[in-house]
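Fold and geometry: a report
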Amino acid sequence: MDSNTPSGHRARSKPTIHRLFASTLFLAASLLTVSAAQAAGVTLTISGNIGKFTNQSVRNYVFSEAEFNALPMREISTATDWTPKGTFRGPLVRELLARVGAQGRQIKFYGEDNYNVTIPASDFSKYDVILARTWNNKPLQLNDFGPFWVMYPIQDMSTSETSGIFIAKLAWQVTRIEVK
Ligand SMILES: Nc1nc2c(c(=O)[nH]1)N[C@H]1C(S)=C(S)[C@@H](COP(=O)(O)O)O[C@H]1N2
Ligand SMILES: [Mo]
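This text gives an overview of the structure that appears in the document. (Residues numbered from 1 in each chain as written. Chains lettered and ligands numbered in written order. Predicted model: local features only at pLDDT ≥ 70, side-chain atom pairs only at ≥ 80, totals over all residues. Heavy atoms only, no water.)

The subject of this paragraph is the sheet that holds strand E4 (residues 86–90). Across the sheet, which stays open at both edges, the four strands sit in the order E3-E4-E8-E9 with antiparallel pairing between neighbours. With partners counted over all chains shown, the strands left at the sheet margins are strand E3 (74–78) and strand E9 (138–139), one partner each. When E4 meets strand E8 (residues 134–135), the two strands line up antiparallel, connected through two bridges. For Phe88, the partnering residue across the bridge sits in E8 and is Trp135. (Pairing = 2+ DSSP bridges. Helix = DSSP H or I, 4+ residues; strand = E, 2+ residues; numbered from the N terminus.)

See the structure below:
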């Protein structure tokens, strides 16, 4: 049987009806998986010393993408050490904390990359800090500082306020907050 092409490559067998059926099924399954993931959307989980819960059993509050996007939004237009001048949009952190009935004095932000930083709650009354979800109207992607990035109004702050360990507070890839 002539299984080699003149160039020496193996001749490609023709797809059988079974293979077409299998690949169609595979494609359909992948599309379903993708749309299920998109439907689930991006969530933000707040736990710890809070007074309102979406999951009573585990005592946390999970913001769905829809609920998060319905919060009153603020904008911060600033450059950062990592991004040129642009506009971040998201709810005020103090608003988020109020929605879940947060009581604690320390707020711990967890990044998906295992980073975490603890910020005194007083910062959020002193400064209009937002939990940014978009940059120049585009959702922050997980591989690009998203889904949530703690952003201070850097452009309104003095150099002494934004020097030293300050930038460690700008946690990116945040998906979880713990109130302590
Ligand atoms: N998710 C996440 N956010 C983060 C970090 C990080 O590693 N992961 N590093 C923090 C620290 S300690 C600083 S100083 C700044 C800058 O980090 P870089 O020096 O690694 O760019 O981002 C802050 N936000
Ligand atoms: Mo740092």
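So, next bit.
As a further point, take the side chain of Thr78. Tracing the backbone shows Thr78 in strand E3. For Thr78, the contacting residues outside a window of four places in its chain are Pro84, Lys85, Gly86, Phe88, Met151, Ile154 and Gln155. (Contact = heavy atoms within 4.5 Å.)

Okay, the sheet that holds strand E6 (residues 116–120) next. If you walk across this open sheet you meet the five strands as E2-E1-E11-E5-E6, and the pairing is mixed. For this open sheet the edge positions go to strand E2 (60–63) and E6, each flanked by a neighbour on one side alone. Strand-to-strand twist in this sheet, taken as the mean axis angle between neighbours without regard to direction, amounts to 20°. Relative to E2, strand E1 (residues 44–48) runs antiparallel, the two being bridged by four bridges. Note on E2: the bridge partner recorded for Ser47 is Asn60. (Axes fitted to C-alpha atoms, helices over the stretch in contact; angles between N-to-C directions.)

So, about the pairing of E6. A one-sided burial pattern is seen for E6, the buried positions being Val117 and Ile119 and the unburied ones Asn116, Thr118 and Pro120. Two elements, strand E5 (residues 106–111) and E6, share five bridges in a ladder whose sense is antiparallel. Across the sheet, the residue bridging to Tyr110 is Asn116, located in E6. (Buried < 20%, exposed > 50% of the residue type's maximum accessible area, 1.4 Å probe, protein only.)

The analysis is restricted to geometry; functional conclusions fall outside its scope.
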